[in-house]
Amino acid sequence: MIEVGQVLVHEDIIKNDFVCNLTKCKGICCVEGDAGAPLLQEETDILREIYPKVKPYMTAKGIEAIEEQGTHVVDMDGDLTTTCVDGNKECAYVTWENGITKCAIEKAYELGEVDWKKPVSCHLYPIRTTHYPAFEVLHYDRWHICHDACTFGKDLGVPVYKFLKDPLIRVYGEEWYNELELAVDAL
């Protein structure tokens, strides 16, 4: 592990390559799984607030799921997550463009309808965060459906932390990211 401020970064995030390859996977990570995307407590308020502006970009199934279950849910482990349709499969905020999943929240953001890009856990994927009272730990989440992203990242020579530079800066700030790069260079 590398310590950067109050964050421990697992070495897999530095040693492994990763670049999403949507032409291959079609964004299946937004459709597969056993629960929705993990949410921070403060993100639940944001989802409630922006839902009316995101709704026009959602599918009918997604809207129905939100109207029935709410803008977020508590999963079977007691964690806050995005709402899903079809029995905890597809995220309710998924929309489709040319056979590839897109995020309706991100679409509304890109069009200037909302000022929040998407849940942090989605933006940081394949990094998952474990929160402790005094620090956080960043882990690399390996999932078989991301095989093409690993291959593409290796072909391009892009480690996970470089692929996720923007979301890491979103969460921890540019100074923190610069410290991470210095720590990696020192290895």
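Before any of the text, the structure's been laid out above.
Quick caveat, the model's predicted, so the values are computed rather than measured.

What should I look at first to understand unusual backbone geometry in this one?
A negative phi holds for most residues other than glycine; trans holds for most peptide bonds. Here the bond from Y125 into P126 is cis, since omega is 20°, no more than 30 degrees from zero. Relative to the helices and strands, P126 resides in the loop between α6 (120-124) and β7 (127-131). Here the phi dihedral of N98 falls at roughly 55°; this positive angle occurs in a residue that is not glycine. Checked against the element boundaries, N98 lands in the loop between β5 (94-97) and β6 (100-103). Taking relative accessible area as the criterion, N98 reaches 82% and is therefore assigned exposed.

Got a minute to help me understand the environment of D12 in this structure?
Mapped onto the elements, D12 comes out in helix α1 (residues 12-15). For the pair formed by D12 and N98, sequence separation is 86 residues and the distance between their alpha carbons is 33 Å. There is a polar contact of 3.1 Å between the side chain of D12 and the side chain of R142.

Before we go on, may I ask you to explain the nonpolar core in this structure?
Looking at soluble globular proteins, one finds that nonpolar side chains tend to be buried together. Counting 25 residues, the largest nonpolar core has V9, L138, L168, W176 and L180 as its most contacted members. With four residues, helix α10 (residues 174-185) is the single largest residue contributor to this core. Setting aside anything within four residues of it in sequence, one finds L138 in contact with V7, L8, V9, H10, I13, I127, R128, T129, L168, Y172 and W176.

Please explain helix α3 (residues 41-54) as it appears in this structure.
Helical geometry note: an α-helix holds 3.6 residues per turn, so side chains three or four residues apart project in the same direction. Helix length check: α3, at 14 residues, gives a terminal C-alpha distance of 19 Å against a target of 20 Å (1.5 Å per residue), a fit within 8%. R48 marks the point of greatest bend in α3, at about 35°, and the proline P52 comes within the next four residues. Here α3 has its buried residues at E43, T44, L47, I50, Y51 and V54. Contact partners of the buried residues in α3: α4 (60-69), β3 (72-74), β4 (80-82), α5 (104-110) and α6.

Looking at this structure, how should I read α4?
Considered for burial, the residues of α4 that qualify are G62, A65 and I66. Looking down the long axis of α4, one finds its buried residues gathered within 95° of arc, a one-sided arrangement. Residues A60 and E68 are exposed on α4 and point more than 90 degrees away from its buried face. Taken together, the buried residues of α4 touch α3. Just downstream of α4 lies G70, where phi reads positive at about 105°.

Cut-off values and rules
Residues numbered from 1 in each chain as written. Predicted model: local features only at pLDDT ≥ 70, side-chain atom pairs only at ≥ 80, totals over all residues. Heavy atoms only, no water. Helix = DSSP H or I, 4+ residues; strand = E, 2+ residues; numbered from the N terminus. Buried < 20%, exposed > 50% of the residue type's maximum accessible area, 1.4 Å probe, protein only. Polar contact = N/O pair within 3.5 Å; in protein donor to acceptor, adjacent residues only side chain to side chain. Core = buried A, V, L, I, M, F, W, Y, C linked by side-chain atoms within 4.5 Å. Contact = heavy atoms within 4.5 Å. Expected span 1.5 Å × (residues − 1). Bend = angle between axes of the 7 residues up to and from the residue. Arc of directions from axis to C-beta.

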